[in-house]
Amino acid sequence: MIGIIDYGVGNLFSIKNALDYLSVDSSIIRTENEIKEADRLILPGVGAFPDAMKILKESGLDDIIRSQAKEKYIMGICLGMQLLFEKSYEYGETDGLGLIEGRVEMLKEKSDIKIPHIGWCKTYKMSETCPITRGVEDGEYFYFVHSYKAVMRDENIGLYGYYGQKIPGLVWKDNVFGCQFHPEKSGEAGIRILQKFAEIK
């Protein structure tokens, strides 16, 4: 069973609907016991990094997620992906979960792009070994909504796109995965990512 963690800042039901479409057993979960009982986890998120981390810390879910990430597969989506990193510079400096090396910074403003980045973005594979991007081809589009991006090692990037700058779209390290884009809103390409995550062993 995939547990979709509800900590008050997530886009839960579109993810649940996508997993239901795939006939993948999933549940929206909130408690420590539910998180521990799930076979794998999805950490969603919309909004600001400091607010999300404050909620996770005050509830004690940050340490639970860190410990569970050592034992099972976890995927962060959008803000949930950004929380996987060591720190963010959104509204100051805030420590993240530290599950992937790197930091989160605001997109660089340029005359030919608008922030936030909202819309479909063509992506390219950086790694042939990432287990949940197998079957994804160069040039496939995914749906992004964000103002911040990960600054990180290339070796931990599975997919990337360009929006006036290089944007890590799908990241991974060991059994921890993150999608800056919304797979649940990205049509068949996004559905394939969720399917691979559900099937990975």
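Shown above is the structure to which this text applies.
Reference entry: report on the structure contained in this document. Just so it is clear, the structure is predicted and the values come from calculations on it, not from any experiment.

### Considerations on the sheet that holds strand β5 (residues 85–88)
Note: strands within a sheet are paired through backbone hydrogen bonds, in either parallel or antiparallel orientation. An order of β6-β5-β7-β10 is seen for the 4 strands of this open sheet, with the pairing classed as mixed. Whereas interior strands pair on both sides, the edge strands pair on one side only; in this sheet they are β6 (94–95) and β10 (148–151). Where β5 and β6 come together, 2 bridges link them in antiparallel fashion. Along β6, the bridge assignment pairs S88 with T94.

### Structural notes on the side chain of D6
For D6, the position within the fold is in the loop between β1 (2–5) and α1 (12–21). In this structure the side chain of D6 is engaged in a polar contact, spanning 3.2 Å, whose partner is the backbone nitrogen of G8. Apart from residues lying up to four places away in sequence, D6 is in contact with L12, I28, I29 and R30.

### Observations regarding the nonpolar core
Counting 36 residues, the largest nonpolar core has M75, I132 and F177 as the members making the most contacts within it. Elements supplying a minimum of two residues to this core: β1, α1, β4 (74–77), β9 (141–146), β12 (166–173), β13 (176–179) and α6 (187–199). Here this core gets 5 residues from one element, more than from any other, and that element is α6. Each residue touching I132, except ones within four places of it in the same chain, is listed here: M75, L170, F177, I193, K196, F197 and I200. One finds I5, A38, I64 and I157 within the second-largest nonpolar core, a separate group that totals 33 residues.

### Some remarks on the sheet that holds β1
Here 9 strands make up an open sheet; going across it, the order is β2-β1-β3-β4-β13-β12-β11-β8-β9 and the pairing mixed. Two strands close off the open sheet at either side, each with one partner strand: β2 (26–29) and β9. Recorded for the sheet is a direction-independent mean angle of 30° between the axes of neighbouring strands.

### A look at the pairing of β5
Note: β5 against strand β7 (residues 100–106), 3 bridges, orientation parallel. In the sheet register, S88 faces β7, and the bridge partner there is V104.

Parameters and conventions
- Residues numbered from 1 in each chain as written.
- Predicted model: local features only at pLDDT ≥ 70, side-chain atom pairs only at ≥ 80, totals over all residues.
- Heavy atoms only, no water.
- Pairing = 2+ DSSP bridges.
- Helix = DSSP H or I, 4+ residues; strand = E, 2+ residues; numbered from the N terminus.
- Polar contact = N/O pair within 3.5 Å; in protein donor to acceptor, adjacent residues only side chain to side chain.
- Contact = heavy atoms within 4.5 Å.
- Core = buried A, V, L, I, M, F, W, Y, C linked by side-chain atoms within 4.5 Å.
- Buried < 20%, exposed > 50% of the residue type's maximum accessible area, 1.4 Å probe, protein only.
- Axes fitted to C-alpha atoms, helices over the stretch in contact; angles between N-to-C directions.

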